[in-house]
Amino acid sequence: MAEHVENSDPKGESLMEKIADKFHGGDDSSSSSDSDTETKKPAAKEEVVAAAEPSSVKDKVWRLFGREKPVHKVFGGGKPADVFLWRNKKISASVLGGATAIWVLFELLEYHLLTLICHILIISLAVLFLWSNATTFINKKPPHIPEIHLPQDPFLQVASALRIEINRALALLREIASGRELKKFLGVVAGLWILSIVGSWCNFLTLFYILFVLLHTVPVLYEKYEDKVDPLAEKAMHEIKKQYAVFDEKVLSKIPRGPLKDKKRE
């Protein structure tokens, strides 16, 4: 019996060792999987941070005039923006061609506005009158002349927008005249002086046509090459700010400021 017990003990021990080895193997595999997940988490975090960095860099890119919206949204995002940015090339080309034709008529051919309107009305009325009378002889229907009524709302909206802009301009001029903002004062004086020089070179119609052509060319070119224009504009603005700081320190800071004339009303 003792020999049988001694012979059975090694088998029991071998079974226990196998079971223990299986448990230890499971623990090792679970610990290795946990360690793998722990090592993967920081890697995933680093990938998220690396992916987020370019977007943050793009958000911090300096844009001309400090704009945060696309060029199309700056122009209102409607049909005028589509015309200025050549979304529909036929409409944009026709608008620019019409403006060019008007400028050629009035500036190069020296046609007068009142004369042009009268000639257009004479030709239109003559054609419609003869056509209406000729239909009785050729047995055809007379031309349908539609009734034209101008809506009230667009004119009210335009008038309201003009009123708001005029009030803003008057408020700005009042603020400048009160002696508060020397920087704005110098900017407005410089702008008016440049405008007076340009006005001596050409008349109002030519100036309006130049601005109209610029509105149809500069925005679309800027939208196409904004990634190249913005860095150059940023460098130029930094240089202008440096020069202005020097000018402010040497000249503007020595000019006495005017007293504030506005009083608070209780």
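An unreviewed UniProt entry annotates the protein chain as Reticulon-like protein originating from Nicotiana sylvestris. The UniProt entry for the protein chain carries the following text under Subcellular location (unreviewed entry): "Endoplasmic reticulum membrane".

**Student:** So what's going on with the overall build of the protein chain? Which residues, and what values?
**Tutor:** On a plain count of helices and strands, the protein chain comes out with nine helices and zero strands. Relative to its 266 residues, the protein chain shows a buried fraction of 12%. Sequence-distant contacts in the protein chain: of pairs separated by 6 or more residues, those separated by 24 or more amount to 58%. Carbon and sulfur atoms make up 66% of the accessible area of the protein chain, which amounts to about 22,800 Å² in all.

**Student:** Tell me about the environment of lysine 224, and name the residues and values.
**Tutor:** Tracing the backbone through its elements, the reader meets lysine 224 in helix 8 (residues 204-224). On the accessibility criterion, lysine 224 (63% relative accessible area) is exposed. When the C-alpha positions of lysine 224 and leucine 85 are compared, they lie 9.8 Å apart, and in sequence the two are 139 residues distant.

**Student:** Outline unusual backbone geometry, supporting the account with residue identities and numerical values.
**Tutor:** Here tryptophan 86, not a glycine, exhibits a phi torsion of approximately 60°, which is positive. Mapping tryptophan 86 onto the fold places it in the loop between helix 3 (79-84) and helix 4 (89-108). The partly exposed category is assigned to tryptophan 86, whose relative accessible area is 26%. Despite not being glycine, glutamate 110 has its phi angle at roughly 55°, a positive value. Position of glutamate 110 relative to the elements: it lies in the loop between helix 4 and helix 5 (113-138). When its relative accessible area of 62% is taken as the criterion, glutamate 110 is described as exposed.

**Student:** Before we move on, can you summarise the UniProt feature "transmembrane region" (unreviewed entry) in the protein chain with the specific residues and values?
**Tutor:** Under the local residue numbering, the UniProt record ascribes the feature "transmembrane region" (unreviewed entry) to residues 91-106, 112-131 and 185-215. End C-alpha atoms of residues 91-106 are separated by 23 Å, and the span's content is 100% helix alongside 0% strand. Along residues 185-215, the helical share is 94% and the strand share 0%, with 27 Å between the first and last C-alpha atoms.

**Student:** A description of the packing of helix 4 against helix 8 should follow, citing residues and the corresponding values.
**Tutor:** The N-to-C vectors of helix 4 and helix 8 enclose an angle of 165°; their axes lie 11 Å apart at closest approach. Considering their axes alone, helix 4 and helix 8 lie roughly antiparallel with respect to each other. Regarding helix 4 and helix 8, the two cross each other, and that crossing is left-handed. Mapping the contact onto sequence places Ser92, Val95, Leu96, Ala99, Thr100, Trp103, Phe106 and Glu107 in helix 4 and Leu205, Thr206, Tyr209, Phe212, Val213 and His216 in helix 8. Taken together, the residues of the contact of helix 4 with helix 8 break down into nine nonpolar, four polar and one charged.

**Student:** Explain the pattern of salt bridges to me, using residue names and the numbers behind them.
**Tutor:** Tallying each qualifying case throughout the model produces three salt bridges. Here glutamate 165 and arginine 168 are joined by a salt bridge, their closest N and O atoms 3.5 Å apart. Here arginine 168 and glutamate 165 lie together in helix 6 (residues 152-177), a separation of three residues that amounts to about one turn. A residue is classified by how much of its surface remains accessible, and glutamate 165, at 46% relative accessible area, is partly exposed. Overall, the relative accessible area of 56% leaves arginine 168 in the exposed class.

**Student:** Give a detailed account of the nonpolar core, specifying residues and quantitative values.
**Tutor:** In terms of nonpolar packing, the biggest core is built from five residues, these being Leu96, Ala99, Trp103, Tyr209 and Phe212. Only helix 4 and helix 8 provide two or more residues apiece to this core. Ranked by residues supplied to this core, first place goes to helix 4 with three residues. With sequence-adjacent residues up to four places away left out, tyrosine 209 is seen in contact with Ala99, Thr100 and Trp103.

**Student:** An account of helix 9 (residues 226-250) is needed here, citing residue identities and associated values.
**Tutor:** Compared with the 36 Å implied by 1.5 Å per residue over 25 residues, the 35 Å span of helix 9 between its first and last C-alpha is a close match. Buried within helix 9 we find Glu226, Asp230 and Ala233. Tucked inside the fold, the buried residues of helix 9 contact helix 2 (71-74) and helix 8.

Definitions and cut-offs
- Residues numbered from 1 in each chain as written.
- Predicted model: local features only at pLDDT ≥ 70, side-chain atom pairs only at ≥ 80, totals over all residues.
- Heavy atoms only, no water.
- UniProt positions renumbered as here; feature names shortened; annotations may be inferred.
- Helix = DSSP H or I, 4+ residues; strand = E, 2+ residues; numbered from the N terminus.
- Buried < 20%, exposed > 50% of the residue type's maximum accessible area, 1.4 Å probe, protein only.
- Contact = heavy atoms within 4.5 Å.
- Areas by Shrake-Rupley, 256 points an atom, 1.4 Å probe, with all protein chains shown as cover.
- Axes fitted to C-alpha atoms, helices over the stretch in contact; angles between N-to-C directions.
- Parallel < 35°, antiparallel > 145°, perpendicular 65-115°, else oblique.
- Left-handed = near helix turned anticlockwise from the far one by under 90°.
- Nonpolar A, V, L, I, M, F, W, Y, C, P; charged D, E, K, R; others polar.
- Salt bridge = Lys/Arg side-chain N within 4 Å of Asp/Glu carboxyl O.
- Core = buried A, V, L, I, M, F, W, Y, C linked by side-chain atoms within 4.5 Å.
- Expected span 1.5 Å × (residues − 1).

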